[in-house]
Amino acid sequence: MLTKLERIAFYLVVFFVPLQARVVWFEWTRPLNQWTSAYLYSTDILLGAVFFLWLARKVERGFRILNNEYRIINNSGPKDSSFIVHHSSFILVTFLVIAALSIFQARIGGLAWYQLLKLTEFAGFYFYLKANLGRVFSFRGVLVAIVASGFVQAVIGIVQYLKQGSMGLYALGESPLVVHGQGVAVFIADGARYIRAYG
């Protein structure tokens, strides 16, 4: 059951990657600047669920081993090599350590800690992918989730272009789009302005 929930949460992470649904956590500069603000994205919540379910599965497996079921688990699938240190893992951990040390030279300390947290989150995702490919998710499944997400994005982009405005999906991170809006990407054809598809 845990593995099934983990699989669903993982594929939802992949599917929702293109979405920009987020809430502002903190602003270090005013007015709002996206590069000096902290955000909570919908994918952060989903990824947190994946990590939690992964940990719960590991704990459950540990209890089963303690209950003298090690032989059954050990023979039921490939050996768990998630804690073996590989060259790429060492390089990534070294990079994280160097990034952490650079915090002491940052002008905005809170922002530096937030960015380190984001780096650590995606490093954790790397280790998750490395440990669970073929166990929880498949490469084919990832491709299906990416194609499905791309299809949804394409439909949204086409509707935005035909409507020449946003669809009102602001909760999912859609930008407010109007032809003469400031910062809205447009192209000009035959003297008329057209919004490009945003998705």
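How each quantity is defined
Residues numbered from 1 in each chain as written. Predicted model: local features only at pLDDT ≥ 70, side-chain atom pairs only at ≥ 80, totals over all residues. Heavy atoms only, no water. Salt bridge = Lys/Arg side-chain N within 4 Å of Asp/Glu carboxyl O. Helix = DSSP H or I, 4+ residues; strand = E, 2+ residues; numbered from the N terminus. Buried < 20%, exposed > 50% of the residue type's maximum accessible area, 1.4 Å probe, protein only. Pairing = 2+ DSSP bridges. Core = buried A, V, L, I, M, F, W, Y, C linked by side-chain atoms within 4.5 Å. Contact = heavy atoms within 4.5 Å. Axes fitted to C-alpha atoms, helices over the stretch in contact; angles between N-to-C directions. Parallel < 35°, antiparallel > 145°, perpendicular 65-115°, else oblique. Left-handed = near helix turned anticlockwise from the far one by under 90°. Expected span 1.5 Å × (residues − 1). Arc of directions from axis to C-beta.

Draft legend 1. Region of interest: the pattern of salt bridges. Taken as a whole, this structure holds 4 salt bridges when the rule is applied. For Lys 118, the salt bridge identified is with Asp 44, shortest N-O distance 2.7 Å. Of this pair, Lys 118 sits in helix 4 (residues 109-132) while Asp 44 sits in helix 2 (residues 42-75); the two residues are 74 residues apart in sequence, bridging distant segments of the chain. Take Lys 118: its relative accessible area is 13%, and that puts it in the buried class.

Draft legend 2. Expanded view of the pairing of strand 2 (residues 37-41). Counting buried residues in strand 2 gives 4 out of 5 residues, a clear majority hidden from the surface. In the sheet, strand 1 (residues 22-27) pairs with strand 2 via 5 bridges, with the strands oriented antiparallel. Of the residues in strand 2, the one forming a bridge with Glu 27 is Ser 37.

Draft legend 3. The nonpolar core, seen in detail. Phe 10, Val 13, Val 50, Phe 125, Tyr 128 and Phe 137 are the most contacted members of the largest nonpolar core, which totals 16 residues. In terms of residue count, helix 2 provides more of this core than any other element does, 5 residues in total. Once you skip the residues sitting within four places of it in the chain, Phe 125 turns out to touch Phe 10, Val 13, Leu 47 and Phe 51. With 5 residues, the next largest nonpolar core counts Tyr 39, Tyr 41, Leu 111 and Tyr 114 among its residues.

Draft legend 4. How the structure looks around the packing of helix 1 (residues 2-16) against helix 5 (residues 139-163). Packing of helix 1 against helix 5 leaves a shortest axis separation of 8 Å and a crossing angle of 40 degrees. Considering the angle they form, helix 1 stands oblique to helix 5. The handedness of the crossing between helix 1 and helix 5 is right-handed. Residues Phe 10, Tyr 11, Val 14 and Phe 15 of helix 1 pack against Gly 141, Val 142, Ala 145, Ile 146, Ala 148, Ser 149 and Val 152 of helix 5.

Draft legend 5. Up close: the side chain of Asp 44. Judged by relative accessible area, which is 14%, Asp 44 ranks as buried. Those residues in contact with Asp 44 that sit more than four places away from it in its chain are Tyr 39, Lys 118 and Glu 121.

Draft legend 6. Spatial organisation of helix 3 (residues 87-101). Here helix 3 contains 15 residues, and its C-alpha end-to-end distance of 21 Å stays within 8% of the 21 Å for a straight helix at 1.5 Å per residue. Among all positions of helix 3, only Ser 89, Leu 96 and Ala 99 are buried. End-on view of helix 3: buried residues confined to an arc of 85 degrees, all on one side of the axis. Across helix 3 from its buried face, at more than 90 degrees, point the exposed residues His 87, Phe 90, Ile 98 and Leu 101. Where helix 3 is buried, its residues contact helix 4.

Draft legend 7. Broad picture of helix 5. Between its first and last C-alpha atoms helix 5 spans 36 Å; for 25 residues at 1.5 Å apiece the expected length is 36 Å, and the two agree. Taken together, the buried positions of helix 5 are Gly 141, Val 142, Ala 145, Ser 149, Gln 153, Ile 156, Gly 157 and Gln 160. The secondary structure elements touched by the buried residues of helix 5 are helix 1. Backbone geometry just downstream of helix 5 places Gln 164 in the positive-phi region, at approximately 55 degrees.

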